[in-house]
Amino acid sequence: MNQTTTSVPHRSVGDLVRMGIFTALIAVGAFIRIPVPVCPFTLQLLFTTLAGLLLGSRRGGMAVLVYLALGLAGVPVFTEGGGIAYIFQPTFGYLIGFAAGAWLTGKIIETSPDGSLARYVAACLAGLAVVYGCGMAYVYVINNFYLGTPLGLWPLILYCFLLAVPGDIVLCLLAAVLGRKIRRAGML
């Protein structure tokens, strides 16, 4: 009897549990708001970045994609609820960026033999750049072409980058320190 097998990535129960934990942390992080003047932010970036650092590119990115799938299916895990219509929210691009950013952060750590803190910080900042690139592009397109609320380049840079990025850089530094310590301790 001739059996055909397909190549399916191996995922252990432990991998699935870790991915599930990060999916849950990302959802909880959406509701942990740190009040700062002008631009309050959540802890989602911290958990998506840690997912990339600790689970690697594929599993970290997958944890974020599961979070996105849950939200788009209607589970109210996004900061403003959930459902398929959420794709028309200007901030949805940042959610897409979280998945790509987690993947890139994990890929940089996976492909680097250097376990230095500088390498972790660089990986986190690279992921942050992807998050902001996706998020800002989405805000611009949705506002100018769908919502009919034109947004110029300077307001986009001011409100979607300059006022928001300092807190996210702090979260990246925290993620780099935590991720490195957790990996070195072999806790995950």
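What you are looking at is a predicted structure, and each value in this text was computed from that prediction instead of being measured.

Draft legend 1. Spotlight on the packing of helix α4 (residues 117-146) against helix α6 (residues 165-185). It is at 9 Å that the axes of α4 and α6 come closest, and there the two elements cross at 135°. The orientation of α4 with respect to α6, classified from their angle, is oblique. At the point where α4 passes α6, the crossing takes the right-handed sense. Contacts between α4 and α6 involve Leu-117, Tyr-120, Val-121, Cys-124, Leu-125, Leu-128 and Tyr-132 from the first element and Val-165, Asp-168, Ile-169, Cys-172, Leu-173, Ala-175, Ala-176, Val-177, Gly-179, Arg-180 and Arg-183 from the second.

Draft legend 2. Geometry of the side chain of Asn-144. Looking at the secondary structure, you find Asn-144 in helix α4. Only 2.6 Å separates the side chain of Asn-144 from the backbone nitrogen of Leu-151, close enough to count as a polar contact. With residues up to four places along the chain from it excluded, the contact list for Asn-144 reads Thr-149, Pro-150 and Leu-151.

Draft legend 3. Region of the structure containing the state of the cysteines. Going through the model one piece at a time under the given rule, you end up with zero disulfides. Free of any disulfide, Cys-124 has its nearest neighbouring cysteine sulfur in Cys-172, separated by 5.4 Å. Cysteine Cys-134 is unpaired, with the sulfur of Cys-160 as its nearest cysteine sulfur at 13 Å.

Draft legend 4. Broad picture of α4. Look at α4: 42 Å from first C-alpha to last across 30 residues, which is about the 44 Å you get at 1.5 Å a residue. Of the residues trailing α4, Gly-148 is marked for its positive phi of about 70°.

Draft legend 5. Main features of the confidence of the model for the protein. Looking at the protein, pLDDT values average 92 and 93% of them are 70 or higher. At the low end of the mean pLDDT range in the protein sits strand β1 (residues 33-34), at 86; at the high end sits helix α2 (residues 44-72), at 98.

Draft legend 6. Looking closely at the nonpolar core. Core analysis: the largest hydrophobic core is formed by 49 residues, its most contacted members being Leu-50, Leu-53, Tyr-67 and Leu-95. Put simply, the parts of the chain that give this core at least two residues each are α1 (13-29), α2, α3 (92-110), α4, α5 (153-162) and α6. When residues of this core are assigned to their parent elements, the largest contribution, twelve residues, is made by α2.

Draft legend 7. Region of the structure containing empty space enclosed by the protein. Summed over the entire model, instances satisfying the criterion amount to one cavity of 30 Å³ or more. Quantified by volume, the largest cavity comes out at close to 30 Å³. Together, Leu-45, Thr-48, Thr-49, Phe-98, Gly-101, Ala-102, Thr-105, Gly-127, Leu-128 and Val-131 line the largest cavity. Going through the elements one at a time, α2, α3 and α4 are the ones with two or more residues in the lining of the largest cavity. Of all the elements, α3 adds the most residues to the lining of the largest cavity, at four residues. In terms of residue class, the lining of the largest cavity is made up of five nonpolar, five polar and no charged.

Draft legend 8. Seen up close, the side chain of Thr-105. Of note, Thr-105 is situated in helix α3. Looking at Thr-105, the relative accessible area reads 1%, which means it is buried. With sequence-adjacent residues up to four places away left out, Thr-105 is seen in contact with Thr-49, Gly-52, Leu-53, Ala-123, Cys-124 and Gly-127.

Draft legend 9. Examining the pattern of salt bridges more closely. The full count for this structure, using the stated rule, is three salt bridges. We note a salt bridge from Arg-18 to Asp-15, for which the minimum N-O separation is 2.9 Å. Of this pair, Arg-18 and Asp-15 both sit in helix α1, three residues apart, which is roughly one turn of the helix. On the accessibility criterion, Arg-18 (26% relative accessible area) is partly exposed. A salt bridge links Asp-15 to Arg-59; its shortest N-O distance comes to 3.1 Å. Pair noted here: Asp-15 is in helix α1 and Arg-59 is in helix α2, with a separation of 44 residues, a long-range link. The buried category is assigned to Asp-15, whose relative accessible area is 14%. The class for Arg-59 is partly exposed, based on a relative accessible area of 25%.

So, how was this worked out
Residues numbered from 1 in each chain as written. Predicted model: local features only at pLDDT ≥ 70, side-chain atom pairs only at ≥ 80, totals over all residues. Heavy atoms only, no water. Axes fitted to C-alpha atoms, helices over the stretch in contact; angles between N-to-C directions. Helix = DSSP H or I, 4+ residues; strand = E, 2+ residues; numbered from the N terminus. Parallel < 35°, antiparallel > 145°, perpendicular 65-115°, else oblique. Left-handed = near helix turned anticlockwise from the far one by under 90°. Contact = heavy atoms within 4.5 Å. Polar contact = N/O pair within 3.5 Å; in protein donor to acceptor, adjacent residues only side chain to side chain. Disulfide = S-S within 2.5 Å. Expected span 1.5 Å × (residues − 1). pLDDT = per-residue confidence, 0-100. Core = buried A, V, L, I, M, F, W, Y, C linked by side-chain atoms within 4.5 Å. Buried < 20%, exposed > 50% of the residue type's maximum accessible area, 1.4 Å probe, protein only. 1 Å grid on protein atoms, 1.4 Å probe; cavity = no way out; pocket = protein on both sides within 12 Å on 5 of 7 lines; lining within 4 Å. Points joined across faces, edges and corners; volume = space filled by probe spheres on them. Nonpolar A, V, L, I, M, F, W, Y, C, P; charged D, E, K, R; others polar. Salt bridge = Lys/Arg side-chain N within 4 Å of Asp/Glu carboxyl O.

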